[in-house]
Amino acid sequence: MKMMMGIEVHCQLSSKSKLFCSCSTDTKDKNPNENTCPICLGFPGSKPKVNKAVIDYGIMVAKALNCKVAEKMYFSRKSYFYPDMSKNFQITQYEIPLAVNGFLEIDGEKIRIKRIHIEEDPAKLVHKGGDITTASYVLIDYNRAGMPLLEIVTEPDFTTPKQVRLFLEKLSSILEHLGVYEAEREASLRVDANISLEGGERIEIKNITGFADVEKALNYEIVRQRGLLRMNMKVERETRHFDADRRVTKSLRKKEYEEDYGYIFDPDLAEVEISKEWLNRIAAKMPELPDQRVQRFVKQYGIDEYQAKVIVYTDKNLADFFEKCCERYKNAEKAAKWIITYLLKSLNWHSISIKQSKVNVDSFIEFLELMDSNTITERYAKELIKEYVDTGISPKELIKGKVKSLSEKDLKDIILKVLEENQKAVQEYLQGKEKSIEFLIGQVLVKTKKQADPKIIRKILLSCIEK
Ligand code: ZN
Ligand code: MN
């Protein structure tokens, strides 16, 4: 069954002040409605003034997404009635957006970007006693009103929900590398996903905040819509909401059409001319982007492209962490392997990022070196890394008293003892029974309480037997 998927992403930009007033965008530890003024509260007669830094950020994103930036840009009023917008219109861009016609490549496939525009965030609604469909009442926090948003709209080019998640991960990494948003901020990236199956109308799922949730919501919709169509029932155009706890989508409202918003140019805001000089100034300060960084990692550190992609696209801080490790720790491949498998697994288990965790470069290198010196085995290291991420205590501290370090001489003594006690297995091995060596390694592991590395045991065992 043919299907079409596209998304609209709202990214909150991390400029110092809001889009049309000088209120701070830093709402952390602020009381509700503390970061407000007549402009972002939408008082009649207040005059918005555009924050140029936001346009700078927008141009950077547009360039990173291969878009064409408009020479002149306008703001428009989108009229609607809802308690999150007291002036009953949102200042956004409609007729002439900041940029159009770009693309982002996901594993060799181009996802086209239709448009990128700048708009103000509405106030935040806090639903009390339930979710958006069941709450008994609603509180409004205007700290979020007037926050600068960049809305990125794709063409319906996605072929799978997983591809949508990969797109979002890469987009988030790009925004972080550009330094225009903070991934850690609450709901800094919000996604509306559109999906239609052949024979049905387009369904929009509004305001999904987690990348994995977007994938889940789309997968759910595919199953739901396919079921309806198979029973010859209609899939009608509507807006739905994703209930992340129950992992289902629910109907919110029958979808309104763009014409319903009655767009007009905003008479309070002048056109903004984006000159060649302005574009050149931005071009000159474009930092290294994720795709370039992946290629550099492959060249500079000799890790494979898959590893480099995981490190760079997961989060910029993780890529920075990897590079800092490599400054002092020479086995980059080993560092990469342990970061993308066991470190990430432990972080994900706690649903935290590397920045939020207590992991640091010094103690992580210490951890790798404990393995290099055979103080701990790989097997034990897999346990240890969980404890390390949980507690943030340095691995050296963690193993104190637990691992009595086993010197090569100690290990050799144990091996000689095992050989003496298992003459029969030794004979069998010498007669060509390869498997006997595994048995002997097992015996050594038992005696060393699994503190020695099987690879090293094998090496010493063989050297002793074949002498
Ligand atoms: Zn304000
Ligand atoms: Mn929007």
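The structure this text deals with has already been given above.
Residues numbered from 1 in each chain as written. Chains lettered and ligands numbered in written order. Predicted model: local features only at pLDDT ≥ 70, side-chain atom pairs only at ≥ 80, totals over all residues. Heavy atoms only, no water.

Undergrad: Would you mind going over the packing of helix H13 (residues 408-421) against helix H15 (residues 436-447) with me for this structure?
TA: Two measures define how a pair of helices packs: the angle their axes make with one another and the distance between the axes. Closest axis-to-axis distance for the H13/H15 pair is 10 Å, and the angle between their directions is 125 degrees. Classed by the angle they form, the pair H13 and H15 counts as oblique. The handedness of the crossing between H13 and H15 is right-handed. The residues of H15 that touch H13, namely those facing Leu411, Ile414, Ile415, Val418, Leu419 and Glu421, are Leu440, Gln443, Val444 and Lys447. Residues that form the contact of H13 with H15 fall into these classes: 7 nonpolar, 1 polar and 2 charged. (Axes fitted to C-alpha atoms, helices over the stretch in contact; angles between N-to-C directions. Helix = DSSP H or I, 4+ residues; strand = E, 2+ residues; numbered from the N terminus. Parallel < 35°, antiparallel > 145°, perpendicular 65-115°, else oblique. Left-handed = near helix turned anticlockwise from the far one by under 90°. Contact = heavy atoms within 4.5 Å. Nonpolar A, V, L, I, M, F, W, Y, C, P; charged D, E, K, R; others polar.)

Undergrad: Can you help me understand the coordination of the manganese ion (ligand 2) in this one?
TA: When a metal holds four donors in a tetrahedron, each ideal angle between them is 109.5 degrees; when it holds six in an octahedron, the ideal angles are 90 or 180 degrees. Here the manganese ion (ligand 2) is held by His10 (NE2), Glu119 (OE) and Glu151 (OE), and the distances to it run 2.0 to 2.2 Å. Here the donor residues of the manganese ion (ligand 2) share one chain and are spaced in sequence as H-x108-E-x31-E. Remark: Glu151 occurs in strand E10 (residues 148-154) and Glu119 occurs in strand E7 (residues 109-120); sequence separation between them is 32 residues. With respect to class, Glu119 is no different from Glu151; both count as buried. (Donors = N, O, S within 2.8 Å, 3.2 Å for Na, K, Ca; no water. Buried < 20%, exposed > 50% of the residue type's maximum accessible area, 1.4 Å probe, protein only.)

Undergrad: What exactly am I supposed to notice about the packing of helix H9 (residues 332-349) against helix H11 (residues 378-391) here?
TA: Look at H9 against H11: their axes get within 9 Å of each other, and the N-to-C directions meet at 45 degrees. Classified by the angle their axes make, H9 and H11 are oblique. The element H9 and its partner H11 pack so that their crossing is right-handed. Seen from H9, the contacting residues are Lys337, Trp338, Tyr342, Leu343, Ser346 and Leu347; seen from H11, they are Glu378, Ala381, Lys382, Ile385, Lys386 and Val389.

Undergrad: When you look at a positive patch on the surface in this model, what are you seeing that I'm missing?
TA: A grouping of Lys345, Arg379, Lys382 and Lys386 is seen on the molecular surface, where their side chains present a positively charged patch. Tallying contributions element by element places H11 first for the positive patch, with 3 residues. Summarising the element assignment, Arg379 is placed in helix H11. (Patch = residues over 30% accessible without salt bridge, like charges linked within 9 Å, V, L, I, M, F, W, Y side chains within 5 Å. Areas by Shrake-Rupley, 256 points an atom, 1.4 Å probe, with all protein chains shown as cover. Salt bridge = Lys/Arg side-chain N within 4 Å of Asp/Glu carboxyl O. Lys, Arg positive; Asp, Glu negative; His and termini not counted. Charge placed at Lys NZ, Arg CZ, Asp CG, Glu CD.)

Undergrad: Just to check I follow, could you spell out the layout of surface pockets for this structure?
TA: Empty space among the atoms can be located by rolling a probe the size of a water molecule over them. Estimated volume of the second largest pocket: approximately 940 Å³. What lines the second largest pocket is a set of 30 residues, and nearest its centre among them are Phe211, Thr314, Asn348, Ile352 and Ser353. Every element with two or more residues in the lining of the second largest pocket is listed here: helix H3 (161-178), helix H4 (211-230), helix H7 (305-314) and H9. Element by element, the count of residues in the lining of the second largest pocket is highest for H3, at 5 residues. Looking at the lining of the second largest pocket residue by residue, the classes come out as 13 nonpolar, 10 polar and 7 charged. When we break the lining of the second largest pocket down by domain, the ones giving at least three residues each are domain 1 (7-192 + 255-281) and domain 2 (290-398). (1 Å grid on protein atoms, 1.4 Å probe; cavity = no way out; pocket = protein on both sides within 12 Å on 5 of 7 lines; lining within 4 Å. Points joined across faces, edges and corners; volume = space filled by probe spheres on them. Domains from an automatic or database assignment.)

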